[in-house]
Amino acid sequence: MARLGSRFGRLVVHGLLLVALPSFASAAAETRRVLVIHSFGNAAPPFTTHSTAFESELIAKMGEPLDLDEVSLDVARYTTLDMEEALIELMRKRQTRWQPDLVVPIGLPAGAFVAKYRDRLFPKATPIIYSGMDQRRLPPEALQQNATFVGGSLDLAALVEDMLQLAPATTNITVIVGASPFEQYWTAAMQRDWVSFTNRVRFTWLNDLPFDQMLERVATLPPRSFVFFALLMRDAAGVTHDADEALRRVQAVANAPINGVFQHQLGLGIVGGRLHRVERQGTESAQVAIRILRGEPASRIPPRVIGAESPQYDWRQLQRWNISADRLPPGSQVLFREPTVWERYRWRIIAVVALVLGEAVLILVLLVNLIQRRRLEAEARRLAAELAQLTRVNTLGALSGSLAHELNQPLGIILSNAQAAQELLAQYPPDTAELKDILADIVKADRRAGEVIERLRALFKGGPSSRQKLWLNAVIEDVLRLTRAELLSRGVSTVCDLTPELPPVTGDRVQLQQLLLNLILNAADAMAAKSPGKRRLHLRTMLQGERVRASVRDEGEGLPADVDRLFQPLYTTKPQGLGMGLAICRSIVDAHGGRLWAENHSEGGAVFHFELPVAEVARGEGSGNR
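Residues numbered from 1 in each chain as written. Predicted model: local features only at pLDDT ≥ 70, side-chain atom pairs only at ≥ 80, totals over all residues. Heavy atoms only, no water.

**Q** Looking at this model, I keep getting lost on the pattern of salt bridges. Mind explaining?
**A** A pair can form between side chains of opposite charge whenever their charged atoms are brought close. Considering all chains together, one arrives at 26 salt bridges under this definition. The shortest N-O distance in the salt bridge between E555 and R536 comes to 3.1 Å. With a gap of 19 residues between them, E555 in the loop between β18 (547-553) and α18 (581-591) and R536 in strand β17 (residues 536-544) connect regions that are remote in the sequence. Taking the relative accessible area as the measure of exposure, R536 reaches 33% and is therefore partly exposed. When salt bridges with common partners are traced through the structure, they connect R280, E284, R304 and E309 into a single cluster. (Salt bridge = Lys/Arg side-chain N within 4 Å of Asp/Glu carboxyl O. Helix = DSSP H or I, 4+ residues; strand = E, 2+ residues; numbered from the N terminus. Buried < 20%, exposed > 50% of the residue type's maximum accessible area, 1.4 Å probe, protein only.)

In structure tokens, the structure reads:
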């Protein structure tokens, strides 16, 4: 169980003296020798954390020359009896030249080793401080031979209680622990002390896995899990690990909260609770060591058992795992809390508030002006809406003949079918099958007439803007049904290239119908001088990135050089025009977050394009030509 590669070359603090009287020359002071026996290697938290605190406190507070030496058993690697014998022999030979005044074994393996071979290793007069371990794990006779104790008392059940208090719904606790004999000992102790929890949670033990497989397991834990990082010195593959570095790697991949044993692990990934502060055990061990080195017998110093600290938690982990502060025990300390906005920017906030107060009078003046401006804008919007309504009614007036034709067809069908039904009813017996067909035709024609009337009613009514998801192809088809007779009467044929399965846009159906109605009738007007066979209206839709584009193209004479003037209010190229149609069209498109523009087509005529942003479609909602 020994490792010959101890840090023999590290002879620390030759001549640390307090500022005293000049007569205290360093040659006259006796150098005290302290031997620290480590359980593990140089990078073995929490034991190295303990030993660092011990040595720092001893050197800082002793005030006399010290000769500090260290040796490591490194039980994570070497555990055989022959290695124990080799270390015993080495330490006995060393003492022929270097006899310690105090021996401090740190950690249970070192304490058990010294207690077992006390008589073979050191003279009875050599005092011993057993440090950094649980006194209950030492042999009872260990403290009866010029020795004392400074260590902890590990309540294993409390560690589980802490996790269940933070997450009461936990049903699975995955335990990360190594495979060395020392870790096997603690695995058995945990399994024994946690029997009372097995009716509430299931424990999963990873001590038989290499570390890489442990990482894979904690990354895919089931819901309502907690990870308990006990100790990792050596894994099942025989690889030695730095426990703190292993904890960092675990928290980087774990999909469940993690807890541990030691206070110094706060900030490395654990949530927290009643943790053990090994630095405190180290510093108090150093204080006892000073008393012994100054002549106080070790056997007269009562053992010191240092329990867990008051509950401490990592604020970042509480936030990460959505653990409410209400679940923390009273008096808990929360570390690493991010400062509030007020704490971060206090003086900036004060400066801004002062500036705001200084400008309060100016803001009140501006507010009055703003209210007046909004009233004027509201009035302007009302007038614009009325103008749009008048323009819409004027446009529909031009379609009166076409609309009358649209209504006459279904009404004529209704009349002829009703007369046929009267004749059938005069027969005896009446032909009921034929009557059913006649009634079905009447209903179909009535619905067609109703649809025409409903579209007209919506266009005439106008009213406040109502935004909804619309499929632009469907809006185009509605407008074409309204203008079909009008276009036929003008000798205009339509060529449609409507891209199927277009995503919807968000808009007001009536406003978009008015937009398309204006563009289509303008295109028909532009081709009035052409012969009937050359009056073709092209309608096209397509998807352009995150926008749906519609194009209305005529085969007329084209646009003037200054195209932008077409969209200015009161500008018109028609003898009977009001000059508001295209201006209203642009305002409609702008209100929908899109853009409208015009250009001459390479094959002759003009083309008006407008684009509207694609609406957000809920999952499962299709697209198309609705």
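**Q** I keep staring at unusual backbone geometry and nothing clicks. Help me out?
**A** Most peptide bonds are trans, and most residues other than glycine sit at a negative phi. Positive phi outside glycine occurs at R224, with the angle close to 60°. By the secondary structure assignment, R224 is in the loop between α7 (211-218) and β8 (225-231). Backbone geometry places N322, a non-glycine residue, at a positive phi of 55°.

**Q** Where do I start with the nonpolar core in this structure?
**A** One broad trend across soluble globular proteins is that nonpolar side chains are buried collectively. Core analysis: the biggest nonpolar cluster contains 59 residues, and I37, Y130 and F228 have the highest contact counts within it. In contact with I37, other than residues within four places in its own chain, are V71, L73, M91, V103, V104, P105, I106, A110, V114 and F122. (Core = buried A, V, L, I, M, F, W, Y, C linked by side-chain atoms within 4.5 Å. Contact = heavy atoms within 4.5 Å.)

**Q** What is the right way to look at the sheet that holds strand β9 (residues 258-259) in this model?
**A** Strand pairs in the sheet, formed through backbone hydrogen bonds, run parallel or antiparallel to each other. Sheet architecture is open: 4 strands sit in the order β7-β6-β8-β9, paired in parallel fashion. Taken across any chain shown, the strands that pair with only one partner, and hence form the sheet edges, are β7 (202-205) and β9. As paired strands, strand β6 (residues 172-177) and β7 are joined by 4 bridges and run parallel to one another. Bridge pairing in β7 places V175 opposite W205. (Pairing = 2+ DSSP bridges.)

**Q** Whenever I open this one, helix α16 (residues 472-489) confuses me. Can you help?
**A** The end-to-end C-alpha separation of α16 is 26 Å, in line with the 26 Å expected for 18 residues at 1.5 Å each. Maximal helix bending in α16 amounts to about 55°, located at T483. The element α16 is largely enclosed, with a buried count of 13 among its 18 residues. Just beyond α16, the residue with positive phi is G491, at close to 75°. (Expected span 1.5 Å × (residues − 1). Bend = angle between axes of the 7 residues up to and from the residue.)

**Q** Help me understand helix α1 (residues 47-62) in this model?
**A** In an α-helix, one turn spans 3.6 residues, which is why side chains three or four residues apart end up on the same side. An ideal rise of 1.5 Å per residue puts 22 Å on 16 residues; α1 measures up with 22 Å between its terminal C-alpha atoms. Considered for burial, the residues of α1 that qualify are F47, T48, T49, H50, S51, A53, F54, E55, E57, L58 and M62. Just downstream of α1 lies G63, where phi reads positive at about 75°.

**Q** Honestly, the sheet that holds strand β19 (residues 595-600) in this entry has me stumped. Any pointers?
**A** Taken together, the 5 strands give an open sheet; going across it, the order is β15-β17-β18-β20-β19, and neighbouring strands pair in mixed fashion. At either margin of the open sheet sits one strand with a lone partner, and together these are β15 (493-498) and β19. When the angles between neighbouring strand axes are averaged without regard to direction, this sheet yields 15°. Sheet topology places β17 next to β18; 7 bridges connect them, and they run antiparallel. Bridge pairing in β18 places L539 opposite V552. Packing against the sheet, α16 makes contact with β15, β17, β18 and β20 (606-613), and its axis sits at approximately 175° to β15. Contacts between α18 and the sheet are confined to β19 and β20, with β19 contributing the most and set at about 135° to the helix. (Axes fitted to C-alpha atoms, helices over the stretch in contact; angles between N-to-C directions.)

**Q** Explanation requested: the packing of aromatic side chains in the structure shown.
**A** For any pair of aromatic rings, the description consists of the separation of the ring centres together with the inter-plane angle of the planes. By the definition in use, this model includes 9 aromatic pairs. Centroid distance W194 to F203: 5.1 Å. Interplanar angle 20°. Geometry classified as stacked. In this structure, W194 and F203 share a single accessibility class: buried. Taken together, W194, F203, W205 and F228 form an aromatic cluster joined through their ring pairs. R316 extends its terminal NZ or CZ atom over the ring of F336, reaching a point 4.1 Å from the ring centre. Between the NZ or CZ atom of R595 and the centre of the ring of W597, over which it lies, the distance is 3.7 Å. (Phe/Tyr/Trp six-rings, centres within 6.5 Å; stacked < 30°, edge-to-face > 60°. Lys NZ or Arg CZ within 6 Å of the ring centre and 35° of its normal.)

**Q** I'm lost on the packing of α16 against helix α17 (residues 509-526) in this one. Help?
**A** Two elements in contact, α16 and α17, have axes separated by 9 Å at closest approach and are oriented at 40°. Classed by the angle they form, the pair α16 and α17 counts as oblique. When you trace α16 past α17, the crossing you get is right-handed. Across the interface between the two elements, V475, I476, D478, V479, L480, T483, E486 and L487 of α16 pack against R509, L512, Q513, L516, L517, I520, L521 and A524 of α17. Taken together, the residues of the contact of α16 with α17 break down into 11 nonpolar, 2 polar and 3 charged. (Parallel < 35°, antiparallel > 145°, perpendicular 65-115°, else oblique. Left-handed = near helix turned anticlockwise from the far one by under 90°. Nonpolar A, V, L, I, M, F, W, Y, C, P; charged D, E, K, R; others polar.)

**Q** For this particular structure, what's the right way to read the packing of α1 against helix α9 (residues 278-293)?
**A** In a packed pair of helices, the relevant descriptors are the angle between the two axes and the axis-to-axis distance. For the pair α1 and α9, interaxial distance at closest approach is 7 Å and the crossing angle is 40°. Taken together, the axes of α1 and α9 lie oblique to each other. Classified by chirality, the crossing of α9 by α1 is right-handed. On the side of α1, the interface is formed by T49, H50, A53, F54, E57, L58, K61 and M62, while α9 contributes V278, E279, Q281, G282, T283, S285, A286, Q287, A289, I290 and L293. Classifying every residue of the contact of α1 with α9 by side-chain character gives 9 nonpolar, 7 polar and 3 charged.

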